[in-house]
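# Descriptive analysis of the structure
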Amino acid sequence: MNLKLIFFSLTLFFFNKADCQNGNVKLGVYESGITSTIEGYWLLKHDSTFVFIQFEGNYTKHIGNGKWMLEKDTMIKFTFSTELLPVLQNLTFQYIAATKSPFDSIFITGRIKDQANNNIQHASVIINETYLIISDTSGFFNVTLPRNFTPKNLVIVNKIFDNEIVELILNPNVNFHQLNIIIPKSDSLKCYSAYSSNLFTQPLLYKKDVLLRYYNTQPVKKRHNSITFISEDRNVLLNKLLKAMEIQPLYQSNLKQLYDLINK
């Protein structure tokens, strides 16, 4: 047997072995109960991605997505995406990022308004969870930082007037940042990201990796931190989202995006 044939045989063996192991996990909708790290529904897809949704009554409370991977024979590792979910971006903003003189500092400026075109004053603007500035009576904010500072994200918190908490990703490779932001009102039906490293955004998880035991059939006794397969039919989730769209007016377009993502 020549080397090419040996290499091909070994590759086929390991591929089939991995495929067989992944085949033990049913694709479809799983549910985690109150004994789990997080309670909710998990959609496992064939491309090793997942969508997580936690409902509170008939409305969505937390949403997350990422990659799943089989660990050992009975455990699944869920790695939540660190990118902001587009379906949770319920705001309008213009962002100009550039490199220009003077080059010895980082300049971040912006203006915050609400959807009725009112200036949002006294809002807390937090950069990299470290630097804090306050918007003035005209909604303006600006800060000058050292050139060796690397801006990563910007969070706006304004609980006084019930505006949503906003997080935006900044370009770390430039020294000039200008933002015009329109922030919607929040309400009791607000939906949050399931995972975020930023505590200001009120996430469900601060660690992006979750390890859960999975069951393809309903076990006699569930173990702590487990998920149980309930259906191959994605309508289990889609029907619940349709109900959520009816009672979460601020998120109708966002939940429609999520509906389409699940339906892919």
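Below you will find a few notes about this structure. (Residues numbered from 1 in each chain as written. Predicted model: local features only at pLDDT ≥ 70, side-chain atom pairs only at ≥ 80, totals over all residues. Heavy atoms only, no water.)

## What about helix α3 (residues 252-262)?
Owing to its 3.6 residues per turn, the α-helix aligns residues three or four sequence positions apart on the same side. So the rule is basically this: Three exposure classes are used, based on accessible area relative to the maximum for each residue type with a 1.4 Å probe and protein chains only: buried under 20%, partly exposed in between, and exposed over 50%. Numbered from the N terminus, helices here are DSSP runs of H or I no shorter than four residues, and strands are runs of E no shorter than two. Here, the arc refers to the directions that run from the helix axis to the C-beta atoms. Contact between two residues is taken to exist if any of their heavy atoms lie within 4.5 Å; hydrogens are not considered.
When α3 is considered as a whole, its buried residues turn out to be N254, L255, L258, Y259 and I262. End-on, the buried residues of α3 take up no more than an arc of 145°, which puts them together on one face. Buried residues along α3 sit in contact with β2 (40-44), β3 (49-56), β4 (59-71) and α2 (235-247).

## Observations regarding the sheet that holds strand β13 (residues 176-183)
Where strands meet in a sheet, backbone hydrogen bonds hold them as pairs that are either parallel or antiparallel. What counts here: Strands are labelled as partners when DSSP assigns at least two bridges between them. Simply put, an axis is a line fit to the C-alpha atoms, just over the touching stretch for a helix, and the angle between two N-to-C directions goes from 0 to 180 degrees.
Taken together, 4 strands build an open sheet; the order of strands is β6-β13-β7-β10 and the sheet is mixed. Two strands in the sheet have a free side with no partner beyond their single neighbour: β6 (92-98) and β10 (140-146). Each strand of the sheet is rotated relative to its neighbour by a mean of 10°, with strand direction disregarded. Of the pairings in the sheet, the one linking strand β7 (residues 105-114) to β13 comprises 8 bridges and is parallel in character. The residue of β13 that forms the bridge with F107 is F176.

## Describing the nonpolar core
Short version of the rule: In plain words, nonpolar cores are sets of buried Ala, Val, Leu, Ile, Met, Phe, Trp, Tyr and Cys residues tied together by side-chain atoms within 4.5 Å.
In terms of nonpolar packing, the biggest core is built from 21 residues, with I108, I112, L154 and I156 touching the most fellow members. Put simply, the parts of the chain that give this core at least two residues each are β7, β8 (124-127), β10, β11 (153-157), β12 (166-169) and β13. Judged by nonpolar contacts, the second largest core, of 20 residues, contains I38, L44, F50 and F78.

## Here's the deal with the sheet that holds β11
Ordered in space as β9-β8-β11-β12, the 4 strands form an open sheet in which the pairing is antiparallel. Lying at the two open borders of the sheet, with one neighbouring strand each, are β9 (131-134) and β12. With strand direction ignored, the average angle separating the axes of adjacent strands in the sheet is 20°.

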